[in-house]
Amino acid sequence: MLILGIESSCDDAAAAVVETATPGAVTIRASAVANQDDIHRAYGGIVPELASRNHVITILPVIERALRSAGCALGDVEGIAVTRGPGLVGSLLVGLMCAKGLAQTTGKPIVGVNHIEGHILAPLIEHRIGFPFLALVVSGGHTALFAVENFGRYRRLGRTRDDAAGEAFDKVAKLMGLGYPGGKIIDDLSKGGNRKRVRFPRAHVRGAPMDFSFSGIKTSVATMLRSAAGPIAAQADVAASFQEAVVDMLVKPTLAAARELGVDTIALTGGVAANSRLREKLAAVAADDGRRVVAPSLKFCTDNAAMIALAGSYRLLRGERDDLAIDAEANLAL
Amino acid sequence: MVRTPTSETQDSVAVFVIESNSPHETKNWGRRLASVLEGGELLGLIGDLGAGKTCFIKGLARGLSLREEDILSPTFTMIQEHHGRVALYHIDLYRLDEAGLDDLGLREYLFSEGVAAVEWFERLREADELDYLSVNISYSGANRRRIEFRAARERGTLLLNRLRNRFA
């Protein structure tokens, strides 16, 4: 079955064509992303109105690009999977309306996909993983642990109580005057820094060992920068120390969840899964505990439409379809 | 409800300042503020990253009989709705350089029967035209914060006076 995936929940518009015969086993024929970083960089963050306006311009060309590089025509597509939430509602609507229009005119079935389910299943694009496994979804808007029991069966074990991990990276980068997006800048800067230079506190949520909290670290960095030590500390050391604290605060609940669940595979996914220190340390700690960490390659960690096509594929393969009246939901729950 | 823009001359500014010695105290001030809310109020949160805006709103939520742990940073989604005794609309303008009332459908939340708590309120272009209570949290030590409540119009001033009379 040939599936067209469409994603526009935030600032990237993406389209992908995947081929699948059995749920979870997909061949990526094409995956295209129209990235807006250059547009939003000037503002130091995403401007929703600009994002949705740009999606209007780029959504059809990015779909055409995906179809062309897959070597197929719209008529060859047998099903459409599209993100319907969570995300910025103006952005979501562009991809969803476009997908509904295509479904309407071609008569092909359409399914609405939860963006988080896309991230949870993204590791399956390149790896064979048996159920159940543990997924750590960590990005600019989300930080949560899920027990993945089967397609469509996800149990949330823990989540952030305040900020997402990626948000902490962005905001600390801003505090340090480093620019946007913060995750990559801090990761790169940290490579030349001493991660033991500043001992930032590792927050944990009392009575909830699988939950996260990242708002305190932001305050700790702000306080440190304001102190007498602030102006003389090397930026690379502060960045590396901060990153190490965030990584530790992600690793500990994740390991606790893996043990609780008794699974040997931990899937690390979402934009922050691109962080090199997180990959390195989680893999090392998991290996010591007799477990393995599986992470998608970079292009499938960040927002993409291949994961949306994959997450829609098991339903399309079963012959399911959603009504054309499906709506975008900014706060869609999994 | 007196929160629509008016053209009359601005009333005198009312200010109430307290010191908080911990995140716990900051949260408690949120709870106290909640105890004088009736619904339909606009609260403008102002303060640097890490000052404690979301912390204050967690206390506010608790005071409104909502679950504190459901209050997450709305930076990514920009608007989070919570429905309890009165609705709480938790809005975050951080990712916007500046915002107008017509962006993000803000009007719908700011002129509702619920309580609208807006972080990075200073980025709202039309702020001066609205009747609100601002909560400005600033660093005065590692764990110390100066919290300044300020209001210039009728509804905001009423809230501020209630808060001061009850808790000063």
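Residues numbered from 1 in each chain as written. Chains lettered and ligands numbered in written order. Predicted model: local features only at pLDDT ≥ 70, side-chain atom pairs only at ≥ 80, totals over all residues. Heavy atoms only, no water.

Quick look at the overall build of chain B
Piece 1. In terms of helices and strands, chain B carries 4 helices and 7 strands.
Piece 2. Over its C-alpha atoms chain B spans a radius of gyration of 15 Å, differing by no more than 12% from the 15 Å that the globule rule assigns to 168 residues.
Piece 3. With respect to the principal axes defined by its C-alpha atoms, chain B has extents near 40 × 35 × 30 Å.
Piece 4. Burial analysis of chain B (168 residues in total) assigns 58% to the buried set.
Piece 5. Considering only contacts within chain B whose residues lie at least 6 apart along the sequence, 67% involve residues at least 24 apart.
Piece 6. Accessible surface, chain B as shown: approximately 7000 Å² in total, 44% of it carbon and sulfur.
Piece 7. Of the side chains in chain B, 22 bear a positive and 26 a negative charge, and the two mean positions are spaced by 7 Å. (Helix = DSSP H or I, 4+ residues; strand = E, 2+ residues; numbered from the N terminus. Rg over C-alpha atoms; globule rule 2.2 N^0.38 Å. Buried < 20%, exposed > 50% of the residue type's maximum accessible area, 1.4 Å probe, protein only. Contact = heavy atoms within 4.5 Å. Areas by Shrake-Rupley, 256 points an atom, 1.4 Å probe, with all protein chains shown as cover. Lys, Arg positive; Asp, Glu negative; His and termini not counted. Charge placed at Lys NZ, Arg CZ, Asp CG, Glu CD.)

Some thoughts on the state of the cysteines
Residue and element names in this part refer to chain A.
Piece 1. Following the criterion strictly, the structure yields 0 disulfides over all chains and no others.
Piece 2. Counting only cysteine sulfurs, cysteine 301 is the nearest neighbor of cysteine 10, a cysteine outside any disulfide, at a range of 16 Å.
Piece 3. With no disulfide of its own, cysteine 98 lies closest to cysteine 72 among cysteine sulfurs, the gap being 15 Å.
Piece 4. On the accessibility criterion, cysteine 98 (13% relative accessible area) is buried. (Disulfide = S-S within 2.5 Å.)

Digging into a nonpolar patch on the surface
Residues and elements named next belong to chain A.
Piece 1. A cluster of nonpolar side chains, Val89, Leu93 and Met97, forms an exposed patch at the surface whose accessible area comes to about 230 Å².
Piece 2. Note that methionine 97 resides in helix α3 (residues 89–106).
Piece 3. Classification of methionine 97 by relative accessible area gives partly exposed; the value is 41%. (Patch = residues over 30% accessible without salt bridge, like charges linked within 9 Å, V, L, I, M, F, W, Y side chains within 5 Å. Salt bridge = Lys/Arg side-chain N within 4 Å of Asp/Glu carboxyl O.)

Quick notes on the sheet that holds strand β8 (residues 153–159) of chain A
Residue and element names in this part refer to chain A.
Piece 1. Spatial ordering of the open sheet is given by β8-β7-β6-β9-β10, a layout of 5 strands whose pairing is mixed. Of all strands in the sheet, those with a lone pairing partner are β8 and β10 (292–294), marking the two edges. Pairs of neighbouring strands in the sheet enclose a mean axial angle of 25°, with direction left out of account.
Piece 2. One ladder, built from 6 bridges, connects strand β6 (residues 133–138) with strand β7 (residues 143–150); its direction is antiparallel. Residue pairing in the sheet places alanine 135 in a bridge with phenylalanine 146 of β7.
Piece 3. Strands in contact with helix α9 (residues 276–288) are β6, β9 (265–269) and β10; relative to β9, the strand with the most contacts, it is inclined by about 170°. (Pairing = 2+ DSSP bridges. Axes fitted to C-alpha atoms, helices over the stretch in contact; angles between N-to-C directions.)

Describing the environment of serine 31 of chain A
All names here are of chain A.
Piece 1. Within the secondary structure, serine 31 is located in strand β3 (residues 25–34).
Piece 2. On the basis of relative accessibility, which here comes to 33%, the residue serine 31 falls in the partly exposed class.
Piece 3. The spacing of serine 31 and alanine 66 is 35 residues in sequence and 5.9 Å in space, taken between C-alpha atoms.
Piece 4. Non-local contacts of serine 31, meaning those with residues more than four positions away in its chain, are made with Ala15, Ala16, Phe300 and Ala306.

Digging into the packing of aromatic side chains
Piece 1. One pass over the structure, following the stated rule, counts 13 aromatic pairs over all chains.
Piece 2. For the ring pair phenylalanine 131 of chain A and phenylalanine 133 of chain A, a centre distance of 6.0 Å and an interplane angle of 15° mean the geometry is stacked.
Piece 3. For phenylalanine 131 of chain A, a relative accessible area of 30% translates into the label partly exposed.
Piece 4. Here the aromatic residues Phe16, Trp29, Phe56, Phe149 and Phe167 of chain B are joined through ring pairs into a cluster of three or more.
Piece 5. Between the NZ or CZ atom of lysine 171 of chain A and the centre of the ring of tyrosine 94 of chain B, over which it lies, the distance is 4.7 Å.
Piece 6. A cation over an aromatic ring shows up here: arginine 226 of chain A above the ring of tyrosine 139 of chain B, its NZ or CZ 3.7 Å from the ring centre. (Phe/Tyr/Trp six-rings, centres within 6.5 Å; stacked < 30°, edge-to-face > 60°. Lys NZ or Arg CZ within 6 Å of the ring centre and 35° of its normal.)

A few points about the sheet that holds β3 of chain A
As a general point, the strands of a sheet are linked pairwise by backbone hydrogen bonds and lie either parallel or antiparallel.
All names here are of chain A.
Piece 1. With mixed pairing, the 5 strands of this open sheet are ordered in space as β3-β2-β1-β4-β5. Strand pairing shows two members of the sheet lacking a second neighbour, β3 and β5 (110–114), which therefore form its edges. In this sheet, neighbouring strand axes are inclined to one another by 25° on average, regardless of whether the strands run parallel or antiparallel.
Piece 2. Contacting β1 (2–7), β4 (79–85) and β5, α3 runs over the sheet at an angle of about 155° to β4.

A word on the nonpolar core
All names here are of chain A.
Piece 1. Counting 44 residues, the largest nonpolar core has Phe200, Phe214, Phe242 and Leu250 as the members making the most contacts within it.
Piece 2. Looking at this core, the elements with two or more residues in it are β6, β7, α5 (165–175), α7 (215–226), α8 (235–261), β9 and α9.
Piece 3. Per element, the largest residue contribution to this core is 11 residues, and it comes from α8.
Piece 4. By size, the runner-up hydrophobic cluster in this structure holds 35 residues, among which are Leu124, Ile125, Ile129 and Phe133. (Core = buried A, V, L, I, M, F, W, Y, C linked by side-chain atoms within 4.5 Å.)

Quick notes on the packing of helix α1 (residues 23–35) of chain B against helix α2 (residues 53–63) of chain B
Residues and elements named next belong to chain B.
Piece 1. Remark: α1 packs on α2, axes separated minimally by 6 Å, with the N-to-C direction vectors making an angle of 45°. Taken together, α1 and α2 sit at an angle that is classed as oblique. Crossing hand, α1 versus α2: right-handed. Touching Pro23, Thr26, Lys27, Trp29, Gly30, Arg31, Leu33 and Ala34 of α1 are Cys55, Phe56, Lys58, Gly59, Leu60, Arg62 and Gly63, all from α2.
Piece 2. Residue classes in the contact of α1 with α2 are distributed as 7 nonpolar, 4 polar and 4 charged. (Parallel < 35°, antiparallel > 145°, perpendicular 65-115°, else oblique. Left-handed = near helix turned anticlockwise from the far one by under 90°. Nonpolar A, V, L, I, M, F, W, Y, C, P; charged D, E, K, R; others polar.)

Concerning the side chain of threonine 265 of chain A
Residues and elements named next belong to chain A.
Piece 1. Looking at where threonine 265 falls in the secondary structure, it is placed in strand β9.
Piece 2. A relative accessible area of 5% means that threonine 265 is categorised as buried.
Piece 3. In terms of polar contacts, threonine 265 uses its side chain to reach the side chain of aspartate 264, at 3.3 Å.
Piece 4. The residues contacting threonine 265, other than those within four sequence positions of it, are Ile129, Phe133, Leu134, Arg292 and Val294. (Polar contact = N/O pair within 3.5 Å; in protein donor to acceptor, adjacent residues only side chain to side chain.)

Considering the interface of chain B and chain A
Piece 1. Contacts between the two partners involve 23 residues from chain B, matched on the other side by 27 residues from chain A.
Piece 2. Between chain B and chain A the total buried area reaches about 2100 Å² when both faces are included, carbon and sulfur atoms providing 58% of it.
Piece 3. Among the residues of chain B in contact with chain A, Leu49, Phe76 and Arg95 of chain B are the three that bury the most area, contributing 31% of the side total.
Piece 4. Linking chain B with chain A are 2 salt bridges.
Piece 5. For arginine 226 of chain A, the salt bridge identified is with aspartate 48 of chain B, shortest N-O distance 3.3 Å.
Piece 6. Run the count over chain B and chain A and you get 9 residue pairs in polar contact (both at pLDDT 80 or more).
Piece 7. Taken together, the residues of the side of chain B that touches chain A break down into 11 nonpolar, 4 polar and 8 charged. (Buried area = accessible area lost by both parts, 1.4 Å probe.)

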